[in-house]
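Structure at a glance
Each chain, written out:
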Amino acid sequence: MTTDLEAADVPVVRRKLIEVAMPLGAINAASGREKSIRHGHPSTLHLWWARRPLATARAVLFGQLVDDPGDVEEEFATEAEQDAERARLHTLIEQLVKWESTTDETVLGAARAEIRRSWERACRDNAGHPRAAELFDAERPPPFLDPFAGGGALPLEAQRLGLEAHAGDLNPVAALINKAMIELPPRYAGQAPVSLGGDMLEREGTAEWRGAAGLAADVRHYGGWMRERAAERIGHLYPKAQVTESMAAEREDLERYAGRELTVIAWLWARTVPSPSPAYAGVQVPLASTFVLSKKKGKQAWLAPVVEGEGYRFEVRTGPPPESAVKGTKTGRASFRCMLSDVPIETSHVKAEGMAGRMGARLLAIVCEGDRERVYLPATQDHQDIAASASPTWKPEMTIAPDRRSMFTPLYGMETFGDLFTERQLSALTTFSDLVAEARSEVERDAVRAGRADPVGYAEAVSVYLAFAVSKCADYGSTIASWNTNRDTVGNTFARQAIPMMWDFSEANPFSSSSGSLQSMLSWAPKSLENLPLVSLPGRAEQANAVERAYDTLHVISTDPPYYDNIGYADLSDYFYVWLRRSLGSLYPESFSTLATPKAEEMIAAPYRHDSKDEAEAFFLDGMSRALVRIRDAQHPALPATIYYAFKQKEQTSAGGTISTGWETFLTAVIDAGFSVNGTWPIRTEQTKALKARFNSLASSIILACRARAADTAAGTAREFAERLLAEFPGDLARLRESNIAPVDLAQAAIGPGMRIFSSYRAVLNADGSAMSVREALSRINEALEVALTEREGEFDGDTRWALTWYQQHGFGDADYGDAEQLSKAKNTSMDGLVEAGLVESRRGEVRLLRPSELDPEWDPRTDRRVTVWELTHHLIRRLESAGEEGASALLRQAGRSALAESARDLAYRLYGIGESANRPGDARPYNALIQSWPEIQKLSRQQQSTQSTLNVED
């Protein structure tokens, strides 16, 4: 197996859009918006971690399949014609990435037509290729392949764009999700639901059941059947709550409900341990992180503990909660106070009691459905007794993985997945799981009556979506699910990529109609099915190891491989695997033949699975290298492959630079596999709001457009590499900034352009003849980034250059006036001028820069005779924090000069880098937020200017 593309296999290729230009602003905006879309989004079929937005996947695939006009000179001869055609294609992408376009056949049809047009060009170009008959079928573009399919966004969007989609994943849960998205729906597309019955089918024969609409209708119908049967069997475990006359007499908000029975939404519990106080030995006391029930304005509710001798109870109070209620009994991360004796409950005591099996749970309150509101009732003994009466017939005994980075419950004695559920939750989930098989028999019987050609297969398909509903119930139905006091809803287990320890939890009523109920979980799949591609080729999803799998067909490849050690997919997905195995194990015996998901082959650098961190890294590098060789060999030679990657883990090098172990290991695998990097794009794939709140969050995935390296690629020298970095890197960096890459992502995104240069050589040779490693190359790239950022400083005014240097040395802290004055002379300014300009405060022989919040709120750049880049940047931050993007845009419009505004953005990039390097995250965060908001600030500023111009004309 060679690592370079043999000359005989090299076809005539045209550069694709993704190798030249992409409309990042529109893609990022659509991807960010998509994160807030729930109903109908395919991701709601089943939870998976680190999914890529559909908008991103669709745009990237279109970009790698469609020719850039610059390489279609026979149709677009001049640069102006090429620019115009590129703008047209970008406009199509801007339409294509919108959520509304997921079912817009007009837009999708236009995109498919462009893909076909480019593929037909490739076929004409290569009519004389020795393997033309094998490689270039004008009637059928190559099939799509994602060997690390995960949540399935990439195969689904390939299918939406008209390609035959193939998805592979080692994890059986991921493989099943992909099967439910790209394989089953096309198989039964356009068919009416069998639940209508024979007579109804004849009457409804003229109705148009487009796409998977018929399948969706049957999932709804048999899901309802399942719910009815479940209620008959275990409904007695979920009683209604009585609002007594005495309750109503004590609380004004309960008067209208006096004497009524209300449907329970959730029971709220707190874990308990025996009190460490000798005076209350053996008494179980609550470990409550809060006693607040609702934070909604005007509807606040909280619990007031009432101690009665050696016992206690809770009363529900309304109105703003006191601080004591907000804190509950928690005093630290896993430490509390005894509610009876006020004695501290240390973390060691909590862990010891948990490991000894003496951790219990106490019912705190009951949440009910009222008349368009939540009704909070005090806990009652009969409700606690009914919960305790549950006797499940099965319990998952699989041990939770010993990965203490993400699995925390074993520290407290909850060592198996069964330990994460109450007895009543286990009874419900086992009942629901067993009913999936019974529902399958119902579907098969009705499918036979309806005359379906494949009644068994159809029944199996419906049961997959019913099993997903049960799996989603498990996500909301564990003792790790919290009560969301801001939204008054049941939270889910996987609020993050971990199984944390929850001290107080909500137990959802599966027979209510609210969040966490079976009815709610059953509603997601039909909505998702109705938004799947209407016109698509059948897909294929397989459980397969990307490291070992060989391919006999060449493909269009786009993939999102594991990110070093970021997420332990197998360990996390075991939570769902145990329930899916019970529901579907007989259907897919090969996928569910083992007690747990595959771990040994999973390609992540999980330290606990290896003897050392180095061994874990070596395992990842070896696996990634072998997988990428497989990908390279399966890649169609006329098309680039696209690979998503995002990682932020920094480590100091001996030279003082900073590199990322995850990036180094991944890129070494890319280069060793024989790829050259032809294009890199930072695409926003994470929620913007989360990034603004968390300093270390990555907003973007860096997407690499790669082609197999030609066999005759020459080696280069370290000097040539350095010279090209110096010449090409500033332009690359400018393009990244034009795409509004967030400062927190800049260092990661800049790796791409540098690696494009590095990977264009067969090897880069040092002066001693040794090959430069990826680690060395990354260090050189970081140095080039620093140089490129620093070079912009010479364009700033003297005041700004002084402030920048002072900030680099002292931040916003006090320092000696003499040093400040000496620096001012070097920067061709003066201390009096800096004070007058409002940049600094000088007193008692010391000087400090003013923070944005300390600047004059009445500042107006139109009347300031000494406007500086530093001043504008920090006033924009002040206005953004106090008045949002609207307020900042007004200030930007007042500043007027576009060059000044662009310099302010450049300064924000520079200051973020300084703050991060100096480990001052609080200082750096506002600069990151300003850059993220920059497109919206500019847009609003232009709109304000346009409105003002219109008013002036009218006047």
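Keep in mind that this is a model prediction, so the values were computed, not measured.

1. Observations regarding the overall build of the protein chain
Counting its secondary structure elements, the protein chain contains 29 helices and 28 strands. In terms of overall size, the protein chain behaves like a compact globule, its C-alpha atoms giving a radius of gyration of 31 Å where 955 residues would be expected to give roughly 30 Å. Referenced to the eigenvectors of the C-alpha coordinate spread, the extents of the protein chain come out at roughly 85 × 80 × 70 Å. For the protein chain, the proportion of its 955 residues judged to be buried stands at 58%. Contacts spanning at least 24 positions in sequence make up 74% of the contacts within the protein chain whose residues lie at least 6 apart. Counting only carbon and sulfur atoms, one obtains 48% of the accessible surface of the protein chain, whose full area is about 38300 Å².

2. Re the confidence of the model for the protein chain
Overall, the predicted model of the protein chain reaches an average pLDDT of 89, with 93% of residues at or above 70. Taken together, the stretch residues 1-5 has pLDDT below 50 and engages in 19 contacts with residues farther than four places along the chain or on a different chain. Predicted confidence for residues 649-656 stays below pLDDT 50, and this span has 19 contacts to residues more than four positions away or in other chains.

3. Quick word on the nonpolar core
The biggest cluster of nonpolar side chains holds 284 residues, and the ones touching the most others in it are F62, L584 and W802. If one sorts the elements of this core by residue count, helix 15 (residues 455-476) sits on top with 14 residues. With sequence-adjacent residues up to four places away left out, F62 is seen in contact with L17, L89, L92, I93, L96, A111, E114, I115 and L161. If you look at the next biggest cluster of nonpolar residues, it comprises 7 residues, including A122, C123, L135 and L554.

4. Here's the deal with a negative patch on the surface
Together, D814, D816, D819 and E846 make up a region of like negative charge exposed at the surface. You can see E846 is positioned in strand 28 (residues 846-849).

5. Re the environment of S528
Position of S528 among the secondary structure elements: in helix 16 (residues 518-529). S528 gets classed as buried once you look at its relative accessible area, which sits at 0%. Distance from S528 to G40, taken between C-alpha atoms, is 4.2 Å for residues 488 residues apart in sequence. At 3.0 Å, the side chain of S528 forms a polar contact with the backbone oxygen of H41.

6. With respect to the packing of helix 27 (residues 869-895) against helix 28 (residues 898-917)
Contact geometry for helix 27 and helix 28: axes closest at 9 Å, N-to-C directions at 95°. Looking at the two axes, helix 27 sits roughly perpendicular to helix 28. Residue-level contacts link V869, W870, L872, T873, H874, L876, L892 and A895 of helix 27 to L900, A901, S903, A904, L907, A908 and L911 of helix 28. Of the residues in the contact of helix 27 with helix 28, the class split is 12 nonpolar, 3 polar and no charged.

7. Here we look at the packing of aromatic side chains
Taken as a whole, this structure holds 28 aromatic pairs when the rule is applied. Residues W269 and F505 carry aromatic rings whose centres are separated by 6.4 Å and whose planes lie at 10° to one another, so their mutual orientation is stacked. With W269 in strand 5 (residues 264-274) and F505 in strand 16 (residues 504-508), this pair connects stretches of sequence that are 236 residues apart. Site record: aromatic cluster; members linked through ring pairs are W48, W49, W394, F417, F421, F494, Y569, Y575, F576 and W579. Sitting above the plane of the Y312 ring, R362 keeps its charged end 4.3 Å from the centroid. The ring of Y807 is capped by R920, whose NZ or CZ atom sits 4.9 Å from the centre of that ring.

8. What about the packing of helix 2 (residues 54-65) against helix 4 (residues 105-125)?
Interaxial distance between helix 2 and helix 4 falls to 9 Å at its minimum, and their mutual angle equals 30°. One way to sum up the angle between helix 2 and helix 4 is to call them roughly parallel. Residues R58, F62 and L65 of helix 2 form the contact with helix 4, whose own contacting residues are L108, A111, E114, I115 and S118. Here the contact of helix 2 with helix 4 is built from residues that sort into 5 nonpolar, 1 polar and 2 charged.

9. Topic: a positive patch on the surface
Taken together, R38, K296, K299 and R487 make up a surface patch of like positive charges. Tracing the backbone through its elements, the reader meets K296 in the loop between strand 7 (292-294) and strand 8 (301-308).

10. Regarding the pairing of strand 5
Burial analysis of strand 5 places 11 of its 11 residues in the buried class, the great majority of the element. Summarising the sheet, strand 5 and strand 12 (residues 360-369) pair through 8 bridges and their orientation is antiparallel. If you follow A270 over to strand 12, its bridge partner there is R362. In this sheet, strand 16 lies alongside strand 5 in antiparallel orientation, the contact comprising 5 bridges. What sits directly across from A266, in strand 16, is A508. Note that strand 5 and strand 6 (residues 284-287) share 4 bridges and pair antiparallel. Each bridged residue has a counterpart across the sheet, and for P274 the counterpart in strand 6 is Q284.

11. A closer look at the sheet that holds strand 26 (residues 815-816)
Reading across the sheet, the 3 strands line up as 26-28-27 and stay open at both edges, with antiparallel pairing between neighbours. Two strands close off the open sheet at either side, each with one partner strand: strand 26 and strand 27 (840-843). Taken together, the 4 bridges between strand 27 and strand 28 define a ladder with antiparallel strand orientation. Each bridged residue has a counterpart across the sheet, and for V840 the counterpart in strand 28 is L849. Of the strands in this sheet, strand 26, strand 27 and strand 28 touch helix 24 (residues 798-810), which is tilted by about 100° from strand 28.

12. Topic: the pairing of strand 8
Pairing between strand 7 and strand 8: 2 bridges, direction antiparallel. Its bridge partner being in strand 8, S294 is matched across the sheet by A301. The turn linking strand 7 back onto strand 8 is made up of 6 residues, and G298 within it adopts a positive phi angle of 80°. In this sheet, strand 9 (residues 311-318) lies alongside strand 8 in antiparallel orientation, the contact comprising 8 bridges. Looking at strand 9, one finds that V307 is bridged to Y312. What sits between strand 8 and strand 9 in their antiparallel hairpin is a turn of 2 residues, with G309 showing a positive phi close to 65°.

Quick notes on the rules
- Residue numbers restart at each chain and count upward from 1, following the sequence in its written direction.
- Given that the model is predicted, a residue must reach a pLDDT of at least 70 before its local features are reported, and side-chain atom pairs must reach 80 or more before they are shown or counted; all residues, however, enter totals for whole chains, interfaces and linings.
- Based on all heavy atoms of the structure, the side-chain values leave hydrogens and waters out of the count.
- Each helix corresponds to a stretch of at least 4 residues labelled H or I by DSSP, and each strand to a stretch of at least 2 residues labelled E; elements are numbered beginning at the N terminus.
- Each radius of gyration reported is based on C-alpha atoms, and the globular scaling rule is 2.2 Å times the count of residues to the power 0.38.
- In this scheme, a residue with accessible area under 20% of its type's maximum is buried, one over 50% is exposed, and one in between is partly exposed, where area comes from a 1.4 Å probe on protein chains only.
- Contacts are residue-level and defined by heavy atoms, with any inter-residue pair within 4.5 Å sufficient.
- What sets the accessible areas is the Shrake-Rupley method with a 1.4 Å probe; for residues, cover comes only from the shown protein chains.
- Along the chain, pLDDT gives the predictor's confidence residue by residue, from 0 to 100.
- Only buried residues count toward a nonpolar core, which is a set of Ala, Val, Leu, Ile, Met, Phe, Trp, Tyr and Cys residues joined through side-chain atoms within 4.5 Å.
- Patch membership is restricted to residues that have no salt bridge and whose relative accessible area is over 30%. Joining uses 9 Å for like charges and 5 Å for the nonpolar side chains Val, Leu, Ile, Met, Phe, Trp and Tyr.
- Salt bridges, as used here, are contacts in which a Lys or Arg side-chain nitrogen is within 4 Å of a carboxyl oxygen on Asp or Glu.
- Under the counting rule used here, the positive set is Lys and Arg, the negative set is Asp and Glu, and His together with the chain ends is not counted.
- Every charge is mapped to an atom, namely NZ of Lys, CZ of Arg, CG of Asp or CD of Glu.
- Throughout this description, a polar contact denotes any pair of N or O atoms lying within 3.5 Å of each other; where both atoms belong to protein, one of them has to be capable of donating a hydrogen while the other can accept it, and for residues adjacent in sequence the pair is counted only when both atoms sit in side chains.
- Convention adopted: a line fitted to C-alpha atoms gives each axis, helices being fitted over their contacting stretch, and angles between N-to-C directions are expressed from 0 to 180 degrees.
- Roughly parallel here means an angle under 35 degrees, roughly antiparallel means over 145, roughly perpendicular means 65 to 115, and every remaining angle is called oblique.
- Side-chain classes are defined by residue name, with Ala, Val, Leu, Ile, Met, Phe, Trp, Tyr, Cys and Pro counting as nonpolar, Asp, Glu, Lys and Arg as charged, and the others, Gly among them, as polar.
- Stacked, tilted and edge-to-face are the three classes assigned to paired rings of Phe, Tyr and Trp, where Trp is represented by its six-membered ring and a pair needs centres within 6.5 Å; plane angles under 30 degrees give stacked, over 60 edge-to-face, the rest tilted.
- Any Lys NZ or Arg CZ that is within 6 Å of a ring centre and within 35 degrees of that ring's normal is treated as a charge sitting over the ring.
- At least two DSSP bridges between two strands are required for those strands to pair.

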